[in-house]
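So the chains spell out like this:
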There are 2 protein chains.
Amino acid sequence: MLEEKEISQAVISRLPRYYRYLQDLIEEGTERISSRELSSRMHVTASQIRQDFNNFGGFGQQGYGYNVQYLHDEIGQILGLDQEHSMVLIGAGNLGQALVGYMNFKRRGFVFKAAFDCKPELVGKKVGQVVIRPMSELTTLIDREKIEIAVLTVPKGAAVEIANQLSGTCIRAIWNFAHVDLPVPERIQVENVHLSDSLMKLSYQIRSDDMNESTKQ
Amino acid sequence: MLEEKEISQAVISRLPRYYRYLQDLIEEGTERISSRELSSRMHVTASQIRQDFNNFGGFGQQGYGYNVQYLHDEIGQILGLDQEHSMVLIGAGNLGQALVGYMNFKRRGFVFKAAFDCKPELVGKKVGQVVIRPMSELTTLIDREKIEIAVLTVPKGAAVEIANQLSGTCIRAIWNFAHVDLPVPERIQVENVHLSDSLMKLSYQIRSDDMNESTKQ
């Protein structure tokens, strides 16, 4: 394991993208890649890549390029992908079902152990490989199975109450798709996914294009 | 409409979040808010907020705080949310169905006009309010209905071929959930959503916490 300094959030948020590209390279059979090639492929500057990797000791020798498998494994280790992460799904609607069915998660070691829903008619049914359980079993199952990550795909109104329940368990992190800030103790990591934000960015870009067009005319 | 300078991508990517918080404030009946209050609510510094808003002319008077509705509407206008955006769904699986069912999109003017899927058994069925059509009708419908945004929730393997088809239409933007870079002309905006990236960030944080714990002991 490499020694780590304090790494900036910006660098950390770029690591998953490197990891994905390196996985693609492995699948294509590429063994070695220069920062310049990686740069043109990922549309970031080669100096950005070198700077990012220098945070973790560099990973390569000047002039020889990077060993793709080694770089992939090291970044995977930094991201904690060298161990399995157990998850539960809370809210077995369409989005929840889509997430459970996502093979990429399992491939990277994120494994759903159970699903929960408040609708009695869903209890006992299966989502992917897991059976949907009643909400009353949530906290005991999390503690018994030492679940790390709760995936929260419930409506805004229900999310805060569930976050309060989760706060009393051994859960380490919440992947939150509900549109509300969750009141949890600091020891629980929260990653909010706001799908509509990226849609709004698209509409910003469409409008910008329109304005540029009308300026040109 | 405010006059605009070149705005940095970082500022633009923060606008949707401001917009969401302002929408919550409106729903709560708050009419006026200081940058300090907004700052503590959003967990960003008040100076960051003032700097961001200065890009668009400021929106407020020193000492009086911001008029919430005005600020909401102005940011909405900058984001292009003052007009309706028509969309089609391509790929009517679980994720696609979840997106079509998302009321927040409709509320913000993003309206699905049609859905497409390559599976014959899905054609003719409904997703939310829209009927699923065969892929053969995709390009003609987009051009006829002047669709702006294509939402792409198909497997990686199918995405590139569909992107090629879309390149020949009047489509303005692709909201891409497939894990692959799309080869489209520059005039088409692409916003990639990589759900697993935020999951990897969570596992990074879990591992960081573990390391800090073991250092303390």
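The model shown is predicted, which means the values in this text are computed figures rather than measured ones.

What to know about the sheet that holds strand β6 (residues 130-134) of chain A
Strand order in the open sheet formed by seven strands is β5-β6-β4-β3-β7-β8-β9 (chain A), and the pairing between neighbours is mixed. Two strands bound the open sheet, and with one partner strand each, they are β5 (126-127) and β9 (189-192) of chain A. For strand β3 (residues 85-90) of chain A and strand β4 (residues 110-117) of chain A, the ladder comprises six bridges, and the chain directions are parallel. If you follow I90(A) over to β4(A), its bridge partner there is F116(A). In the packing of helix α9 (residues 195-216) of chain B onto the sheet, the strands contacted are β3, β4, β7 (149-152), β8 (173-176) and β9 of chain A, and the crossing angle to β9(A) comes to about 165 degrees.

Here's the deal with helix α7 (residues 138-145) of chain A
Because the α-helix completes a turn every 3.6 residues, residues three or four places apart line up on one side. Residue and element names in this part refer to chain A. Three or more residues of α7 are buried, namely L138, L141 and I142. Looking straight down α7, one finds that the buried residues subtend no more than 100 degrees of arc, so they occupy a single side. In α7, the exposed positions angled more than 90 degrees off the buried face are occupied by T140 and R144. Considering only its buried residues, α7 is in contact with β3, β4, β6 and α8 (156-167).

Re the interface of chain A and chain B
Taken residue by residue, the interface counts 62 residues in chain A and 62 residues in chain B. A salt bridge links R172(A) to D210(B); its shortest N-O distance comes to 2.9 Å. At the junction of chain A with chain B, the criterion picks out 30 residue pairs in polar contact (both at pLDDT 80 or more). Secondary structure elements with two or more residues in the side of chain A that touches chain B: α1 (9-28), α4 (68-78), β3, α5 (94-100), α6 (103-107), β8, β9 and α9 (195-216) of chain A. Among the elements that line the side of chain A that touches chain B, the one with the most residues is α9(A), at 16 residues. In the side of chain A that touches chain B, the residues fall into 30 nonpolar, 14 polar and 18 charged.

What to know about the domain arrangement of chain A
Annotation of chain A at the domain level lists domain 1 (9-78) and domain 2 (85-195). One C-alpha centre belongs to domain 1 of chain A, the other to domain 2 of chain A, and the line joining them spans 32 Å.

Let's talk about the nonpolar core
By size, the foremost hydrophobic cluster in this structure holds 100 residues, and its most contacted members are I75(A), I149(A), W175(A), I75(B), I149(B) and W175(B). With residues near it in sequence (within four places) discarded, I75(A) still touches L15(A), Y18(A), Y19(A), L22(A), F53(A) and F59(A).

With respect to the pattern of salt bridges
A full pass over the atoms with the stated rule returns 20 salt bridges over all chains. K201(A) is the salt-bridge partner of E191(B), the closest N and O atoms lying 3.5 Å from each other. Here the residue E191(B) occupies a position in strand β9 (residues 189-192), and K201(A) occupies one in helix α9, the pair thus bridging two chains. When its relative accessible area of 22% is taken as the criterion, K201(A) is described as partly exposed. In this structure, R144(B) engages E145(B) in a salt bridge whose closest nitrogen and oxygen atoms are separated by 3.5 Å. Owing to a relative accessible area of 42%, E145(B) belongs among the partly exposed residues under this scheme.

Let's talk about the side chain of T169(A)
All names here are of chain A. Considering the arrangement of structural elements, one finds T169 in the loop between α8 and β8. When its relative accessible area of 5% is taken as the criterion, T169 is described as buried. In this structure T169 touches T139, I142, D143 and R187, once residues within four positions along its chain are discounted.

Observations concerning the layout of surface pockets
Taken as a whole, the second largest pocket holds about 870 Å³ of empty space. If you trace the second largest pocket, you find 37 residues lining it, with Y102(A), V154(B), P155(B), K156(B) and A178(B) closest to the centre. Those elements that provide at least two residues to the lining of the second largest pocket are α1, α5 and α6 of chain A together with α5 (94-100) and α8 (156-167) of chain B. Element by element, the count of residues in the lining of the second largest pocket is highest for α1(A), at four residues. Residue composition of the lining of the second largest pocket, grouped by class: 18 nonpolar, nine polar and ten charged.

How each quantity is defined
- Residues numbered from 1 in each chain as written.
- Chains lettered and ligands numbered in written order.
- Predicted model: local features only at pLDDT ≥ 70, side-chain atom pairs only at ≥ 80, totals over all residues.
- Heavy atoms only, no water.
- Pairing = 2+ DSSP bridges.
- Helix = DSSP H or I, 4+ residues; strand = E, 2+ residues; numbered from the N terminus.
- Contact = heavy atoms within 4.5 Å.
- Axes fitted to C-alpha atoms, helices over the stretch in contact; angles between N-to-C directions.
- Buried < 20%, exposed > 50% of the residue type's maximum accessible area, 1.4 Å probe, protein only.
- Arc of directions from axis to C-beta.
- Salt bridge = Lys/Arg side-chain N within 4 Å of Asp/Glu carboxyl O.
- Polar contact = N/O pair within 3.5 Å; in protein donor to acceptor, adjacent residues only side chain to side chain.
- Nonpolar A, V, L, I, M, F, W, Y, C, P; charged D, E, K, R; others polar.
- Domains from an automatic or database assignment.
- Core = buried A, V, L, I, M, F, W, Y, C linked by side-chain atoms within 4.5 Å.
- 1 Å grid on protein atoms, 1.4 Å probe; cavity = no way out; pocket = protein on both sides within 12 Å on 5 of 7 lines; lining within 4 Å.
- Points joined across faces, edges and corners; volume = space filled by probe spheres on them.

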